[in-house]
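Summary of the model geometry
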Amino acid sequence: MKIIHKLSIGATLFALGLGSAAHAAETLKIGMVLPMSGPFSAYGQQILNGARLYLGQNGNKLGDRPVELLVKDDTGVAPEISKRAAQEFLVQDKVAILAGFGLTPSAFAVAPLSATAKVPMVVMNAATSSITTKSPYIVRTSMTLPQTTAPIATWAAGNGIKKVYTVVADFGPGHDAEKQFVKTFTAAGGEIIGQVRTPVANPDFAPFLQKIKDSKPDAVFLFVPAGEQGVAFLKGYKERGLDTAGIRLISTGDLTDEDVIDAMGQAAVGVVTSMHYAEAHDSALNKAYTDSYYKAYPKKRPNFMSMAGYDGMHLVDAVLKKTGGDASGDKFIEAAKGLKLDSPRGAISIDPATRDIVQTIYIRKVERVGGKLQNVEFDHIPDFKDPGKQQ
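Figured I'd write up the structure that's included with this text. Position numbers for residues count from 1 along each chain, tracking the sequence in the order it is written. Local features in this predicted model are restricted to residues of pLDDT 70 or higher, and side-chain atom pairs are both shown and tallied only at a pLDDT of 80 or more, whereas totals for entire chains, interfaces and linings draw on every residue. To obtain the side-chain values, all non-hydrogen atoms of the structure were used and water was disregarded.

Some details on the overall build of the protein
Labels follow the DSSP assignment, with helices taken as runs of H or I lasting at least four residues and strands as runs of E lasting at least two, numbered in each case from the N terminus. Counting its secondary structure elements, the protein contains 12 helices and 15 strands. Here the protein has a C-alpha radius of gyration of 22 Å; the compact-globule value for 391 residues is 21 Å, and the two agree. Each principal axis of the C-alpha distribution contributes one length, and for the protein these read about 85 × 45 × 40 Å. Contacts are assigned to residue pairs that have any heavy atoms within 4.5 Å of one another. Contacts spanning at least 24 positions in sequence make up 68% of the contacts within the protein whose residues lie at least 6 apart. Every accessible area reported is derived by Shrake-Rupley at a probe size of 1.4 Å, with residue values counting cover from the shown protein chains alone. Of the roughly 15900 Å² of accessible surface on the protein, 54% is carried by carbon and sulfur atoms. As used throughout, the charge tally considers Lys and Arg to be positive and Asp and Glu to be negative, leaving His and the chain termini uncounted. Charged side chains are reduced to one point each, which is NZ for Lys, CZ for Arg, CG for Asp and CD for Glu. With 43 positive and 39 negative side-chain charges, the protein shows a spacing of 3 Å between the two charge centroids. Throughout, radius of gyration means the C-alpha value; the globule benchmark is 2.2 Å times the number of residues raised to the power 0.38.

Structure (structure tokens):
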């Protein structure tokens, strides 16, 4: 009996070894659903840049498995296109992992497919808090809007801002940002004197700005999708004299994203935001990351989306090293829960209860550094979980 037992253990170990070897030899297909055209194309390009940079630094392998990165364009806020792209990835391309997801409607549309197929889904930008509840196989490496909003609300209440007018885009992330700002700011003694939700596509801010100015708040809290909308809002804010009227502008870091901050010019200087990553973050890992990024993409600035793509691939790499290359849904997610990584943005981990990222949120002010506009960090909250799931 003892001899048979030893033989069975040996056979099991041999089989596990063969299994690991088989996983290592097999190409890992990752299907990325991203907005590569349309008004949010910069999102897709930045996420893809970060993902490709990590792969390039690691011999195009994750967990010792060679990687084939496939990309489908969902054009932006087009959930049916996102869903169709994911279906094609799963049925035709037989991908092992779904990834990307620039906007919330895309992630919501694909989540049920991930759940049914039991395929891991790595969300690299979409920021509505509830996304990870839509499939047990989702893990997120970006942020949630409550997570980046609560700190700026706390900062505002502690820095002489007593009355705020909120302006948010009228979709999931905007609703999350509005709800969290109101909750945190009023709990700290602040007052909300007005609220408005603007169209996700092509909003005209002019009538809202005049109404805000007439209301005479201490500050405007803004959340709009990163990109041209922020440039347009800041331009209107200056043109209508909200700044000279003493109305401060505070926001999540989407507003002064490195992709658009240069287009804002001097108008951005002094804007205070909260976010989990800035190109100017002072660490050796980030210096190496930004140097590598500029070498690979000399015409682009690294931003929080590129960082989510980079860390998304880092997460897959670390998980597969734990599983011996096994990317099957249950093993992948179990290995991801509680995972800790050193990132160029700072230490990050995956909350085992929610599969959302836990990270440092920084309070930053736009300053000119060496002739270049940068989000300069001056305060931080370490190990900050998504407060949207703690209500």
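Section: the pattern of salt bridges
For this document, the term salt bridge refers to a Lys or Arg side-chain nitrogen within 4 Å of an Asp or Glu carboxyl oxygen. Scanning the entire structure with this criterion turns up 17 salt bridges. E88 is the partner of K72 in a salt bridge, and the nearest nitrogen-oxygen pair spans 3.2 Å. Of the two residues, K72 is situated in strand β3 (residues 65–73) and E88 in helix α3 (residues 79–93); the sequence distance between them amounts to 16 residues. Summary of the burial criterion: residues with accessible area below 20% of their type's maximum are buried, those above 50% are exposed, and those between are partly exposed, where the area comes from a 1.4 Å probe applied to protein chains only. The partly exposed category is assigned to E88, whose relative accessible area is 26%. Linking D262 and R301 is a salt bridge whose minimum nitrogen-to-oxygen distance equals 3.0 Å. With D262 in helix α9 (residues 261–264) and R301 in the loop between α10 (284–296) and α11 (304–323), this pair connects stretches of sequence that are 39 residues apart. A relative accessible area of 47% places D262 in the partly exposed class. Looking at R301, the relative accessible area reads 8%, which means it is buried.

Digging into the side chain of Q359
Its place among the elements puts Q359 in strand β14 (residues 357–369). A distance of 2.9 Å separates a polar atom in the side chain of Q359 from a polar atom in the side chain of Q147. What qualifies as a polar contact is a pair of N or O atoms within 3.5 Å, subject to a donor-acceptor requirement within protein and to the restriction that residues adjacent in sequence count only when both atoms come from side chains. Of the polar contacts made by the side chain of Q359, one reaches the side chain of R345; its length is 2.6 Å. If sequence neighbours within four positions are ignored, Q359 has contacts with S142, M143, Q147, H276, R345, A347, I348, I381, P382, D383 and F384.

Some details on the nonpolar core
If you look at soluble globular proteins, the nonpolar side chains tend to sit buried side by side. By nonpolar core we mean a set of buried residues, namely Ala, Val, Leu, Ile, Met, Phe, Trp, Tyr and Cys, connected to one another through side-chain atoms within 4.5 Å. With 70 residues, the main nonpolar core has M32, L62 and F332 as its most contacted residues. In terms of residue count, the dominant contributor to this core is α11 (11 residues). Residues within four places of M32 in sequence aside, it is in contact with I47, L48, A51, L69, L70, V71, K72, F89, A99, G100, M124 and M313. By size, the runner-up hydrophobic cluster in this structure holds 23 residues, among which are V196, F233, L234 and V260.

Some words on the sheet that holds strand β1 (residues 28–34)
Two pairing modes exist for strands in a sheet, parallel and antiparallel, and in both the strands are linked by backbone hydrogen bonds. Paired strands are those between which DSSP finds at least two bridges. Here six strands make up an open sheet; going across it, the order is β2-β3-β1-β4-β5-β6 and the pairing mixed. Taken across any chain shown, the strands that pair with only one partner, and hence form the sheet edges, are β2 (61–62) and β6 (138–140). Across two bridges, the pairing between β2 and β3 is antiparallel. Looking across to β3, one finds that L62 is bridged to R65.

Overview of the side chain of T323
Inspection of the secondary structure puts T323 in helix α11. In terms of polar contacts, T323 uses its side chain to reach the backbone carbonyl oxygen of D326, at 2.7 Å. Beyond its immediate stretch of four places on either side in the chain, T323 contacts K331 and A335.

Observations regarding the environment of T184
Inspection of the secondary structure puts T184 in helix α6 (residues 172–187). Residue classification places T184 among the buried residues on the basis of a relative accessible area of 15%. Along the primary structure T184 and T149 are separated by 35 residues, whereas in three dimensions their C-alpha atoms are 8.8 Å apart. In this structure T184 touches A150, A153 and T154, once residues within four positions along its chain are discounted.

What to know about the environment of G312
Within the secondary structure layout, G312 lies in helix α11. On the basis of relative accessible area, G312 is assigned to the buried category, the value being 0%. Sequence separation between G312 and Y54 is 258 residues, and the spatial gap between their C-alpha atoms is 9.0 Å.

Quick word on helix α5 (residues 145–157)
Relative to the 18 Å expected for 13 residues at 1.5 Å per residue, α5 spans 18 Å between its end C-alpha atoms, a close match to the ideal helical length. Of all the residues in α5, the buried ones are L145, P146, Q147, T148, T149, A150, P151, I152, A153, W155 and A156. Looking at the buried side of α5, the elements it contacts are α6, β9 (219–223), β10 (248–252), β11 (272–275), β14 and β15 (372–384). Two or three places before Q147, at the opening of α5, T144 has a side-chain oxygen 3.1 Å from that residue's backbone nitrogen. Under the convention used throughout, the expected extent of a helix is 1.5 Å for every residue step, that is, one less than its residue count.

Comments concerning the packing of α3 against helix α4 (residues 104–117)
Angles run from 0 to 180 degrees between N-to-C directions of axes, and those axes are lines fitted to C-alpha atoms, restricted for helices to the stretch in contact. Their axes nearest at 7 Å, the elements α3 and α4 cross at an angle of 30°. Between α3 and α4, the angle is such that the two are roughly parallel. The way α3 lies across α4 gives a crossing that is right-handed. Along the contact surface, α3 presents P79, S82, K83, A86, Q87 and L90, while α4 presents P105, S106, A109, V110, L113 and A117. Three classes are used: nonpolar for Ala, Val, Leu, Ile, Met, Phe, Trp, Tyr, Cys and Pro, charged for Asp, Glu, Lys and Arg, and polar for all others, with Gly counted as polar. Within the contact of α3 with α4, the residues separate by chemical class into eight nonpolar, three polar and one charged. Should an angle fall under 35 degrees it is taken as roughly parallel, and over 145 as roughly antiparallel, whereas 65 to 115 is taken as roughly perpendicular and any remaining angle as oblique. Crossing handedness follows the turn of the near helix against the far one: under a right angle anticlockwise gives a left-handed crossing, and clockwise gives a right-handed one.

What to know about the pairing of strand β7 (residues 163–169)
Counting buried positions along β7 yields six of seven residues, so the element is predominantly enclosed. Bridge analysis of β7 against strand β8 (residues 191–198) gives seven bridges, and the strand direction is parallel. Bridged to V164 within β8 is I192. With α6 bridging β7 and its parallel neighbour β8, the resulting β-α-β unit is right-handed. Note that β7 and β9 share five bridges and pair parallel. The path from the first strand over the helix to the second decides the hand: if it runs clockwise while the strands point away from the viewer, the crossover is right-handed.

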